[in-house]
Amino acid sequence: MNYTKEEVLQYIQEEDVKFIRLAFCDVFGKQKNLSIMADELPRAFERGIPFDPASISGFSQVTRSDLLLHPDPDTLSWLPWRPEHGKVVRMFCSITYPDGTDFPCDTRSLLKQAVKEGEEQGLTFSFATRQEFYLFQLDENDNPTHLPYDTAGYMDIAPEDRGENIRREIILLLEQMGIRPESSRHEAGPGQNTINFHYSDPLTAADHMLTFQTIVKTVARRNGLYADFSPRPIAGQPGNGLHITMSIDSPGAEDQIRPAAAGLLDHVKDMTLFLNPTEASYDRLGHFRAPFQVSWSHENSSALLRVPVVPGDHPRVVLRSPDPESNPYLSFILMIYAALDGIRRNLSLDAAESDVTNLPMTLKAARDLALSSDFIRSHVPGEILGVYPD
């Protein structure tokens, strides 16, 4: 949005904004927020707003009493599902210690650093995402069930596809927040849906992913439904995937995309803990076209990594193993660094073709690989590594 602090303060006054949500996420990518009144915003910009991190996943090792939230004015957005009068707006935040030093588990700030390192090497990365989710009915007490909202299949239409109006409502809310999805459809599972997003810079794309999940869950509840982004909500049915497309928009990108893709393949097993962070993640891999082999293809849409060849389009790669419960900031961080490493070492994508192995297929195996990886230890702070369970 490119707002300045002064413009945000003016907007707050002119638009009758009463509450500001200061948003961030925990180590595992779950969005959190702290609400302040409008007259507290100048203090938030000047000094930050303190909060107690003790009960937040990955933050509980903090020995000091408080951390500080610093709102990013560029991320100002009003929440259109909240009241028109006495509006509620949201800004994403960076996190510091009281002395001003960066908090090492602030993955949003870590992504800023990864982007900066890419730019220092003359490389600009963009990301587009596709998240899948199920819509389930609620019981008489408004608790989630595992009864799908419909029994439609892949790209079916109404009336079989009962999610059509839900997706429409989601997209209209996103549009009011300045976020324009590319397409939407019913997915292969009963009650399963997907929405695709256009390319954005890495930070914006990750912010949009968290915003999207919030809106989907909000719209589902308003319609008496429950939105489930977990990797395998129903046994015997397709899981929810997160397809991440990474594009390089720099001079000579056509020559760099293949070694970048080779870097992803070289490090993807070590990255799996962060792309697939729950036990249920490993129930999805290897089923219903969710990849488990470390392979790539130009055309095969079931491969772990696709490197499409589209004349005139930006060079890009599509990573298909992640699921929506991953932390988008961490996922993008590791993809950027893996691509940079592949380019630096001039890795061969053709050589990777002859060395097909499998992804780790349990959370423990993924954790063991990550903790023993020099690549991971170089780019993920020890404070983050220490919170993943044995």
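Residues numbered from 1 in each chain as written. Predicted model: local features only at pLDDT ≥ 70, side-chain atom pairs only at ≥ 80, totals over all residues. Heavy atoms only, no water.

## Focus: the nonpolar core
- Core analysis: the biggest nonpolar cluster contains 90 residues, and Ile20, Phe59 and Phe274 have the highest contact counts within it.
- Setting aside anything within four residues of it in sequence, one finds Phe274 in contact with Ser326, Asn327, Leu330, Ser331, Leu334, Ala370, Ile376, Val380, Leu385 and Tyr388. (Core = buried A, V, L, I, M, F, W, Y, C linked by side-chain atoms within 4.5 Å. Buried < 20%, exposed > 50% of the residue type's maximum accessible area, 1.4 Å probe, protein only. Contact = heavy atoms within 4.5 Å.)

## Concerning the packing of helix H6 (residues 253-275) against helix H8 (residues 328-345)
- Look at H6 against H8: their axes get within 7 Å of each other, and the N-to-C directions meet at 140°. Classified by the angle between their axes, H6 and H8 sit oblique to one another. As for the relative orientation of H6 and H8, their crossing is right-handed in sense. Within the contact between the two elements, H6 uses Gln256, Pro259, Ala260, Gly263, Leu264, Asp266, His267, Met271, Phe274 and Leu275 and H8 uses Leu330, Ser331, Leu334, Met335, Ala338, Ala339, Asp341, Gly342, Ile343 and Arg345.
- Tallied by class, the residues present in the contact of H6 with H8 amount to twelve nonpolar, five polar and three charged. (Axes fitted to C-alpha atoms, helices over the stretch in contact; angles between N-to-C directions. Helix = DSSP H or I, 4+ residues; strand = E, 2+ residues; numbered from the N terminus. Parallel < 35°, antiparallel > 145°, perpendicular 65-115°, else oblique. Left-handed = near helix turned anticlockwise from the far one by under 90°. Nonpolar A, V, L, I, M, F, W, Y, C, P; charged D, E, K, R; others polar.)

## Remarks on the packing of aromatic side chains
- Applying the stated criterion to the full structure yields twelve aromatic pairs.
- Each ring, one from Phe28 and one from Tyr388, has its centre 5.0 Å from the other, and the planes form 70°; the classification is edge-to-face. Highlighted residues: Phe28 in the loop between strand E1 (17-25) and strand E2 (31-37) and Tyr388 in the segment after helix H12 (382-385), separated in sequence by 360 residues.
- Judged by relative accessible area, which is 28%, Phe28 ranks as partly exposed.
- Among the residues examined, Tyr388 registers a relative accessible area of 3% and is labelled buried.
- In this structure an aromatic cluster arises from ring pairing among Phe24, Phe51, Phe59, Tyr97 and Phe103. (Phe/Tyr/Trp six-rings, centres within 6.5 Å; stacked < 30°, edge-to-face > 60°.)

What is shown is where atoms sit, not what they do.
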